[in-house]
Each structure stands twice: as C-alpha cells, then as structure tokens.
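Chain and residue survey
Read off the chains here:
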Amino acid sequence: MRGKIVPDSVKHLQYEIRKVVEDAYKLVDLGVKMQWENIGDPIGTGEQVAPWIREAIANIAAENSSWAYSPTRGVKAARDFIAHTVNARGGVQITADDILFFNGLGDAVNKVYQLIRPEARVIMPSPCYSTHLSSEIMRGDHAPLTFRLDHRNDWQPDLADLRKKIAQHPEIVAIMLINPDNPTGMTYDREMLEEIVSIARDNGLFVISDEVYQQITFNGAQPLPIADVLGDVPGLALRGISKEYPWPGGRCGWLEFYNTGKDADFALYADSLFKAKMMEVCATTLPQLSIPVVMGDSRYQENLDKRAKIFEKRANDAYDFFNAIDGVTANRPRGAFYFTVVFDDGVLRENTLPIADPKVRDFIEAKVPGMISDKRFVYYLMGAYGICVTPLSGFHTELRGFRITLLQNDDATRLANLEKMKQAIEAYLA
Ligand SMILES: Cc1ncc(COP(=O)(O)O)c(C=O)c1O
C-alpha cells in the first residue's frame with residue numbers, strides 16, 4: 001500500500017466479551033464442553049420469548065407495510081407511544097421528534113460519540129461496558145477518562161473522583177452512566193442521580209444515560225429513568241428492546257433527547273445525529289412497529305415483573321456463592337443480568353489450575369504467558385472447568401476479576417456452574 005489505510009485509533013477497537021470466545025471455540029474443537037457465561041443474550045442462552053409477543057410480531061410481519069422503509073426518526077406510532085410513556089412519569093416532557101431510532105443500541109452508541117468533536121471528552125464509569133468506552137476513545141485516539149465505581153461500596157460512583165476529574169479536564173462535555181449497570185448490576189438511586197445531574201448543571205455538561213436494562217430491576221430497586229430527575233439539564237437516554245422483550249436479534253434501540261430547547265449547541269448535536277441517520281435512510285421497521293403493540297399490551301408489565309423475579313433469584317444465588325469465598329469481593333446486584341466478582345489486591349499471581357487433557361493444557365499454557373492476571377484466570381477456568389466468563393480487565397478498569405451473566409436457564413446447570421466457579425477460585429488462590 002502507498003500509505004497507511006487505517007488510523008492509529010483502531011487499536012481501541014477491543015471487545016473482550018467476544019474476544020475470549022474465539023479461544024473458547026478453539027477449546028470446544030479440542031473437546032472441551034463449554035458453558036457460556038459471557039454474552040448478554042437471553043435468547044442465545046435458552047430463554048423462550050413469551051408466546052404472545054412472538055405471535056404479535058408474526059402478525060406484524062404478515063402485513064406488507066412492515067416490509068417498507070420507515071421515517072428516518074422512526075415509526076411515528078412507536079415514537080408517539082414512547083413519548084407518551086416518558087411524559088406520563090411527570091419528569092422532562094418530550095415529543096415524538098425527540099426520539100431517534102437505530103439498528104440496536106450498538107449502532108446508536110457509535111453515532112453518539114462519532115458526532116462529538118474529537119477533542120471533547122465524555123467521562124465514563126469504570127468498570128464500563130466496552131462499546132461505550134471504546135467508541136469514546138477511538139474518536140480522538142484518547143486514553144480512557146473515567147470515574148470510579150467503588151466495589152467496596154456496593155459499586156456506587158465515587159462522586160469526589162467524578163468532581164475532581166471534571167475540574168481537571170475542561171474538555172469534558174458530558175457524563176455517561178449506565179443504569180442499571182453492565183457489568184456490575186448496580187443501580188443508581190434518585191439521590192445519586194440528582195447529585196450527578198447537579199454536577200452536570202454546575203459544569204455546563206450534558207448527561208448520557210444508557211437505560212437498556214431500565215426494566216430489569218430487583219432487590220428493592222425500581223426503574224428510574226434519567227428523565228425523571230434531569231430538570232432543565234440537557235441529556236439523552238438510550239433505550240431498546242434487546243434485553244426487554246427480549247429481542248437482541250431484532251437490532252432495535254432508540255435515543256430520547258431531553259431539553260434540546262434549553263441549549264442551542266445540544267440541539268445542533270441532536271440534529272446532527274438525526275442527519276447522520278438520514279444518510280442511512282432509517283432503522284429496521286418491523287421491530288419498531290411492534291413497540292406500541294407489545295409494550296402497550298396489558299401482559300407486558302407482567303412479563304417484565306416475572307423476568308425481574310427470575311433475575312433476582314439468580315443474582316441472590318450468585319451472591320451467596322461468591323460472598324462466601326475468601327480472596328474475592330462480591331456485591332448483591334439490583335438490576336440487569338450480570339454479576340461481577342473482584343479479586344482482592346495481591347491474591348492473583350502466576351497461579352494455575354490442573355488440566356487433565358494434555359492438548360487442552362498445552363493450548364492454555366501457550367496462551368497465558370504475559371497475559372493480564374484476571375484473563376489468565378479466565379483461561380484456566382475455561383481449560384479446567386469448561387466455563388467461559390469475561391475478564392473484568394476487559395471493562396476498562398484497574399480491578400481484576402470477572403463477569404458472569406445470570407442467564408443460564410437450567411437451574412441445575414446454573415447452580416453446578418456456580419459450584420464449579422467457587423471450586424476454581426478456591427483452587428486457583430490456594
Ligand atoms: C449497557 C449496554 N448498552 C447497550 C448495549 C447494546 O444493546 P443492543 O442489543 O441494543 O445493541 C448492551 C448490550 O449488551 C449493553 O449491555
């Protein structure tokens with residue numbers, strides 16, 4: 001080639017959640033029977049979508065009109081329905097034109113950061129779901145700029161750290177949060193959200209709130225959209241159906257813009273996102289058409305409640321297991337469907353686990369030299385116990401640990417996996 005094709009920033013294109021899987025598949029080829037505790041896809045792990053939801057979608061697919069393009073912002077009936085739901089809560093009021101649909105939130109997340117000036121920064125929680133953080137740092141080939149979630153304090157945000165970083169970095173234009181959070185399962189309560197909004201207000205920042213897990217709360221937490229506490233501060237929320245119906249393969253998510261009328265620069269940003277989407281024509285029509293039908297059905301809330309109860313039970317089972325192990329810290333989740341275990345400082349060394357099959361052992365031993373310490377544990381866990389989890393270092397944090405999902409549908413397998421992980425940690429740290 002006459003010149004370099006890709007920019008230096010491609011090094012930030014990292015998605016550890018799927019990267020470990022490539023080697024996990026190689027282990028499967030070597031005969032390891034793998035349990036997949038890594039990807040947040042409820043359907044991929046066996047959840048059956050409620051039959052009435054599938055039927056409603058099949059009926060819509062049978063309509064010729066559902067095969068058409070939709071308006072760039074999204075199907076009007078879906079946007080009217082969403083705007084009505086937001087407004088009924090009594091917080092920030094929006095119209096259908098404050099909503100913009102995307103092909104899943106993965107698509108939305110990329111655009112949200114692409115259209116911010118390369119020199120401007122968005123401060124993110126750490127640990128952080130990697131799609132947000134990678135998109136943010138790629139834009140300007142930056143180092144991550146994060147505030148700490150404190151695993152010694154129920155994963156609550158360290159507000160002193162947030163304030164300090166905002167004061168030190170005048171290039172910060174927005175605060176991002178994920179509520180309920182991936183990977184920690186933490187939820188932000190009203191007081192905490194109000195504090196964050198007031199920090200944004202005092203510093204002239206906008207707030208980005210990823211609410212893809214908004215309707216999955218338990219252990220006493222309630223859904224708390226940022227729109228309820230934002231007041232006059234500009235902000236946007238990301239919502240979707242991947243985790244809620246759940247329909248991850250539907251690739252449907254949307255942005256809700258709040259208070260565009262309060263700041264001309266923020267209004268221009270929202271309009272730029274709309275124009276960028278216009279160049280792609282529109283997002284997929286069929287899932288959008290399903291929103292008023294499915295979310296407007298009286299059985300929808302029942303479905304959400306039933307799922308939240310299931311995740312609550314699984315979260316509490318995981319807490320009971322991991323909390324009883326020396327050398328790790330575990331917190332009781334209140335939302336989403338993940339569980340994060342943190343190794344205590346200094347417990348991880350060049351530890352190993354016995355692997356009976358020589359082919360598997362050779363594969364793991366060839367991979368681990370020089371590997372970051374929690375990823376090394378994850379590889380041994382795959383080789384010795386056939387369980388694939390995600391290393392916590394893949395979520396842009398100095399902490400070392402791993403994330404599992406709470407999606408295993410078969411209770412006996414789920415509890416057996418927890419038992420195996422407990423044994424693996426104890427043997428690894430012995
Ligand atoms: C916090 C968070 N935001 C966004 C997404 C992307 O969701 P979607 O399926 O809509 O692309 C995920 C997926 O796991 C997620 O965990």
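Everything numeric here is computed off the predicted structure, so don't read it as measured data.

1. Here's the deal with the overall build of the chain
Regarding its fold elements, the chain presents 13 helices and 14 strands. With the C-alpha coordinates aligned to their principal axes, the bounding extent of the chain is approximately 60 × 55 × 55 Å. Counting every position in the chain, which comprises 430 residues, the buried fraction comes to 46%. Counted over contacts in the chain with a minimum sequence separation of 6, partners at least 24 positions apart contribute 73%.

2. Considering the nonpolar core
Judged by nonpolar contacts, the single largest core of 109 residues is most densely connected at Val207, Leu230, Leu381 and Met382. At 8 residues, helix α12 (residues 373-385) tops the list of elements feeding residues into this core. Formed jointly, this core draws a minimum of three residues from each of two domains, domain 1 (8-47 + 301-429) and domain 2 (67-295). Leaving out residues up to four positions away in the same chain, methionine 382 has contacts with Ala24, Leu27, Val32, Ile387 and Cys388.

3. Side note on the domain arrangement of the chain
Each domain of the chain was delimited in the assignment, giving domain 1 (8-47 + 301-429) and domain 2 (67-295). Residue assignment for the side of domain 1 that touches domain 2 shows that the elements contributing at least two residues are α1 (16-29), α10 (299-323) and β11 (338-343). Top contributing element to the side of domain 1 that touches domain 2 by residue count: α10, with 6 residues.

4. Let's talk about the packing of helix α6 (residues 159-168) against helix α7 (residues 190-203)
Closest axis-to-axis distance for the α6/α7 pair is 11 Å, and the angle between their directions is 15°. Taken together, the axes of α6 and α7 lie roughly parallel to each other. As α6 runs across α7, the sense of the crossing is right-handed. In this structure, α6 contributes Leu159, Leu162, Arg163 and Ile166 to the contact, and α7 contributes Glu195, Ile199 and Asn203.

5. Regarding the environment of isoleucine 116
The residue isoleucine 116 is located in the loop between α4 (105-114) and β3 (121-126) in this model. Considered as a pair, isoleucine 116 and valine 173 are 57 residues apart in the sequence and their alpha carbons are 9.0 Å apart. Once you skip the residues sitting within four places of it in the chain, isoleucine 116 turns out to touch Val122, Arg139 and Val173.

6. What about unusual backbone geometry?
Residue proline 127 is bonded to the preceding serine 126 through a cis peptide linkage, with omega at 5°. Position of proline 127 among the secondary structure elements: in the loop between β3 and α5 (130-140). Note that the residue after asparagine 182, namely proline 183, is joined by a cis bond; omega there is 20°. Relative to the helices and strands, proline 183 resides in the loop between β6 (172-178) and α7. Positive phi, close to 60°, is recorded for aspartate 154, a residue that is not glycine. For aspartate 154, the location among the structural elements is in the loop between β4 (146-150) and β5 (156-157).

7. A closer look at the sheet that holds β3
Pairing is mixed in the open sheet, where 8 strands are placed in the order β2-β9-β8-β7-β6-β3-β4-β5. The open sheet terminates on both sides in strands that have one partner only, identified here as β2 (99-102) and β5. Judged from the 6 bridges that link them, strand β8 (residues 235-240) and strand β9 (residues 253-258) form a sheet pairing that is antiparallel. Considered in β9, the bridge of arginine 239 is made with tryptophan 254.

8. Regarding the pairing of strand β14 (residues 401-405)
Summarising burial for β14: 5 of the 5 residues are buried, a large majority. Here β14 shows a buried face lined by Gly401, Arg403 and Thr405 and a second buried face lined by Phe402 and Ile404. Two strands pair when backbone bridges link them, and β11 and β14 are joined in this way by 5 bridges, in the antiparallel orientation. Considered in β14, the bridge of valine 341 is made with phenylalanine 402.

9. Things to note about the sheet that holds strand β13 (residues 390-391)
Taking strand neighbours across the sheet as the criterion, the 4 strands line up as β10-β11-β14-β13 in an open arrangement whose pairing is antiparallel. Taken across any chain shown, the strands that pair with only one partner, and hence form the sheet edges, are β10 (328-330) and β13. Sheet topology note: the β13/β14 ladder contains 2 bridges and is antiparallel. Directly across from proline 391, in β14, lies its bridge partner phenylalanine 402. Here α12 sits on the sheet in contact with β11, β13 and β14, set at roughly 50° to β14.

10. Description of the site of the ligand
For the ligand, the set of nearby residues contains 13 residues, the closest of which are Gly104, Leu105, Gly106, Gly240 and Ser242. Per-class residue counts for the shell around the ligand are 5 nonpolar, 7 polar and 1 charged.

11. Focus on the packing of helix α11 (residues 358-367) against α12
Where α11 contacts α12, the axes come no closer than 10 Å and their chain directions differ by 175°. As far as their axial angle goes, α12 and α11 are roughly antiparallel. Two secondary-structure elements touch here, α11 through Val360, Arg361, Ile364 and Lys367 and α12 through Tyr379, Tyr380 and Gly383. Here the residues of the contact of α11 with α12 are counted per class, giving 4 nonpolar, 1 polar and 2 charged.

12. Some remarks on the pairing of β6
By the criterion of burial, β6 is predominantly enclosed, with 5 of the 7 residues buried. Relative to β6, β3 is paired through 3 bridges, and the arrangement is parallel. By the bridge assignment, isoleucine 123 is partnered in β6 with isoleucine 175. Tracing the backbone out of β6, into α7 and back to the parallel element strand β7 (residues 206-210) gives a crossover that is right-handed.

13. A closer look at the environment of valine 347
On the secondary structure map, valine 347 appears in the loop between β11 and α11. What makes valine 347 partly exposed here is the crowd of 15 C-beta atoms within 10 Å. The spatial distance from the C-alpha of valine 347 to the C-alpha of proline 7 is 38 Å, given a sequence separation of 340 residues. Non-local contacts of valine 347, meaning those with residues more than four positions away in its chain, are made with Gly327 and Leu429.

About the thresholds
- Residues numbered from 1 in each chain as written.
- Predicted model: local features only at pLDDT ≥ 70, side-chain atom pairs only at ≥ 80, totals over all residues.
- Helix = DSSP H or I, 4+ residues; strand = E, 2+ residues; numbered from the N terminus.
- Buried ≥ 20, exposed ≤ 12 C-beta atoms within 10 Å, placed from the backbone.
- Contact = placed C-beta atoms within 7 Å.
- Core = buried A, V, L, I, M, F, W, Y, C linked by C-beta atoms within 7 Å.
- Domains from an automatic or database assignment.
- Axes fitted to C-alpha atoms, helices over the stretch in contact; angles between N-to-C directions.
- Parallel < 35°, antiparallel > 145°, perpendicular 65-115°, else oblique.
- Left-handed = near helix turned anticlockwise from the far one by under 90°.
- Pairing = 2+ DSSP bridges.
- Near = placed C-beta within 6 Å.
- Nonpolar A, V, L, I, M, F, W, Y, C, P; charged D, E, K, R; others polar.
- Right-handed = clockwise from strand over helix to strand, strands pointing away.

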